[in-house]
Amino acid sequence: MYILSFESSCDETACAVCEMCDGKREIKSNIIASQVDIHALYGGVVPEIASRAHIEAISRITYEALDVAGVTLKDIDMIAVTNGPGLIGALLVAVNFAKSLAFANNIPLVPVDHIKGHVAANYLTHTELEPPFLALVVSGGHTSFFDVKSYTELEEIASTRDDAAGECFDKIGRVMGLPYPGGHAMDILASKGNKKAITFPSPAIKDSLDFSFSGLKTAVINYINTKRQKNEELAVEDIAASFTDTVVEAVRSKVGDALKRTGYNKMVMAGGVSANSHLRAGVTEECKKFGAKFYAPTLNLCGDNAAMIGAQGYYEYLKGERADESLNAYPS
Ligand code: KG4
Ligand code: ZN
C-alpha cells in the first residue's frame, strides 16, 4: 500500500511517500523543510516561529513528496501523521493538514507516536528487522530504552531523569560557539581530540538503567567558563572528545545491562543522536561483546523525517488503528 505521511513535531516540516506491504518497505520520497537556519538566530527552537514556518511549508512539501514519488492523492491508501509528543502548536499543523486531506479525499488516517516513528526508521533501513528487540531512542527530546515487544507495543524500561542526550550536545555546543544544533559539529570536533584528556562526571545512574545528563552538561559548561575566566586556552577538540567519550561509555554500560536484563540478541538505536559516529562505534562494540546484532538507521533517517512515520503508521494501520475528525495532538 502507498502511505502519505507527515511530521511537524519540532523544527522540521516533513512529508513522505512509502510503499509498504508484506515483504516490502520502500521510501518513494522523503522531503524535509528544515527550520534550522531560522532557529539558529536564537540558539534554540522558538515554538511560535516553528508553528508559523510549518504552516508556510506544509502544502509545498506535500506536492513535492507526491511529485518525487510519481503518484497523486488517488494512489494513496493511507495517511499517517505524528500527533505527539512534541511542541503542541507545531504538531497541530500537520495533524490538521492531514485530517483535512484524509477526510476530503476519503483516505484512512492513522496517528503515530513520534518515538515509535524513530524506532521504525530502522524497519526502512534494515528491511529484514522484526521485533522483539531492545531499542534506545536518543534524540533532542528523549533518551530512553524500550522493550519493543511487537511493531506497535513498546514498553519504556528506562529513561533520562532530566535532560535528553541531544539537549546536552546542543547546550554545550552553544557555549563552545559551535553551529546550531551542536551535535553534528561536536561529532567532527571529537574525532580530532584526546578523549582521555579531561574527566567529566558520568551520566549513568548507578544500580539503574536510567541516565542523568544535567550534571554532565553543567560540569562541561563550568569547565569552559572557568577556563575563559582565567584566560586559559580552550582545547575545544579535547573537550568535545572527552565529553563525547563520557556519553559513549555511559550508554555502553547501560546497553550491556539492558541486553542482560531483557535477554534480547538484537539492539536498535534511533533518534538524532544515533547519527553520532562515536556512539555508533561504541554501541556496535558493546553489542558484539554480548553477541547481539546492532542496528541503526542510515544517517538521513536518524533525525526527524516523515518516512519513519509512514513506516510506523503501516503497522498501526495493520493493528486497526484509525483516527476520526476528533484527532488531537498531545505534547508529552
Ligand atoms: O531526533 P531529532 O532530529 O529530534 C528530536 O526528536 O529531538 O534529534 C535532534 C538532536 C539534536 O540535539 C542534534 O544536535 C542531535 O540530534 N544530533 C547529533 C548528531 N546529529 C544530530 N548529536 C550528536 N552527534 C551527531 N552526529
Ligand atoms: Zn525526533
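Definitions and cut-offs
Counting from 1, residues in each chain are numbered in the order their sequence is written. Naming scheme: in the order in which they are written, chains are lettered from A and ligands are numbered from 1. Note on the predicted model: pLDDT of at least 70 is required for a residue's local features to be given, and 80 or more for side-chain atom pairs to be given and counted; whole-chain, interface and lining totals, by contrast, use all residues. In computing side-chain properties, one takes all heavy atoms of the structure into account and sets aside hydrogens as well as water. Think of a patch as exposed residues, more than 30% relative accessible area, with no salt bridge, where like charges cluster within 9 Å and nonpolar side chains (Val, Leu, Ile, Met, Phe, Trp, Tyr) cluster within 5 Å. The method behind every accessible area is Shrake-Rupley, applied with a 1.4 Å probe, and residues are considered shielded solely by the protein chains displayed. Basic side-chain nitrogens of Lys or Arg form a salt bridge, by our definition, when they fall within 4 Å of a carboxyl oxygen of Asp or Glu. Secondary structure elements are taken from DSSP: a helix is a run of H or I of four residues or more, a strand is a run of E of two residues or more, and numbering for both begins at the N terminus. Only protein chains enter the accessibility calculation, which uses a 1.4 Å probe; a residue whose area is less than 20% of its type maximum is buried, one above 50% is exposed, and one in between is partly exposed. Think of it this way: one heavy atom of a residue within 4 Å of a molecule or strand is enough to make that residue near it. We call two N or O atoms a polar contact when they sit within 3.5 Å, provided that within protein one can donate a hydrogen and the other can accept it, with sequence-adjacent residues counted only if both atoms are side-chain atoms. Only Asp, Glu, Lys and Arg are considered charged, only Ala, Val, Leu, Ile, Met, Phe, Trp, Tyr, Cys and Pro nonpolar, and every remaining residue, Gly among them, polar. To get an axis, a line is fitted to the C-alpha atoms, and for a helix only the part in contact is used. The angle between two axes follows their N-to-C directions and goes from 0 to 180 degrees. Geometric relationships in this document are graded by angle, where less than 35 degrees denotes roughly parallel, more than 145 denotes roughly antiparallel, 65 to 115 denotes roughly perpendicular, and other angles denote oblique. The crossing is said to be left-handed when, going from far helix to near helix, the turn is anticlockwise and less than a right angle, and right-handed when the turn is clockwise. Contacts are assigned to residue pairs that have any heavy atoms within 4.5 Å of one another. Any N, O or S atom lying within 2.8 Å of the metal counts as a donor, with the limit raised to 3.2 Å for Na, K and Ca; because water is left out of the atom set, some sites can appear incomplete. What pLDDT conveys is the predictor's confidence in a given residue, as a value from 0 to 100. Paired strands, in this sense, are two strands between which DSSP finds at least two bridges.

Description of a nonpolar patch on the surface
Logical step 1: Together, Ile38, Leu41 and Tyr42 line one region of the surface with nonpolar side chains, adding up to about 330 Å² of accessible area.
Logical step 2: As for its position among the elements, Leu41 is in the loop between α1 (36-40) and α2 (47-69).
Logical step 3: Given a relative accessible area of 68%, Leu41 falls into the exposed group.

Observations concerning the site of ligand 1
Logical step 1: Near ligand 1 there are 19 residues, and of these Gly140, Asp170, Asp187, Gly272 and Asn276 occur at the shortest range.
Logical step 2: Take Asp170: an N or O atom from its side chain is 2.6 Å from an oxygen atom of ligand 1.
Logical step 3: Residue Asp304 places a main-chain N or O atom 3.1 Å away from an oxygen atom belonging to ligand 1.
Logical step 4: Look at ligand 1: alone it shows 550 Å² of surface, and the protein chains cover 85% of it.
Logical step 5: Its residues placed into classes, the shell around ligand 1 shows four nonpolar, twelve polar and three charged.

A closer look at the packing of helix α7 (residues 214-229) against helix α8 (residues 236-262)
Logical step 1: Packing of α7 against α8 leaves a shortest axis separation of 12 Å and a crossing angle of 165°. Looking at the two axes, α7 sits roughly antiparallel to α8. By crossing handedness, the relation of α7 to α8 is classed as right-handed. Taken together, the residues of α8 that come into contact with α7 (itself represented by Leu216, Val220, Tyr223 and Ile224) are Ile239, Phe243, Thr246 and Val247.
Logical step 2: Classifying every residue of the contact of α7 with α8 by side-chain character gives seven nonpolar, one polar and no charged.

Describing the coordination of the zinc ion (ligand 2)
Tetrahedral coordination by four donors places them ideally at 109.5 degrees to one another around the metal; octahedral coordination by six donors ideally gives 90 or 180 degrees.
Logical step 1: The zinc ion (ligand 2) binds to the protein through His114 (NE2), His118 (NE2) and Asp304 (OD); the donor distances cover 2.0 to 2.1 Å.
Logical step 2: Here the donor residues for the zinc ion (ligand 2) map to a single chain with the spacing H-x3-H-x185-D. In this pair, His118 sits in helix α4 (residues 114-125) while Asp304 sits in the loop between β10 (293-295) and α10 (307-319), placing the two residues 186 residues apart along the sequence.
Logical step 3: Classification of Asp304 as buried rests on a relative accessible area of 17%.

Here's the deal with the confidence of the model for the chain
Logical step 1: Here the chain averages 97 in pLDDT, and 100% of its residues register 70 or above.
Logical step 2: Within the chain, α1 has the poorest average pLDDT of any element, 93, and strand β1 (residues 2-7) the best, 99.

Some details on the pairing of strand β3 (residues 24-34)
Logical step 1: Pairing of strand β2 (residues 12-21) with β3 involves ten bridges; the strand directions are antiparallel. For Cys21, the partnering residue across the bridge sits in β3 and is Lys24.
Logical step 2: Counting the residues that bridge the hairpin from β2 to β3 gives two residues, and of these Gly23 lies at a positive phi of roughly 85°.

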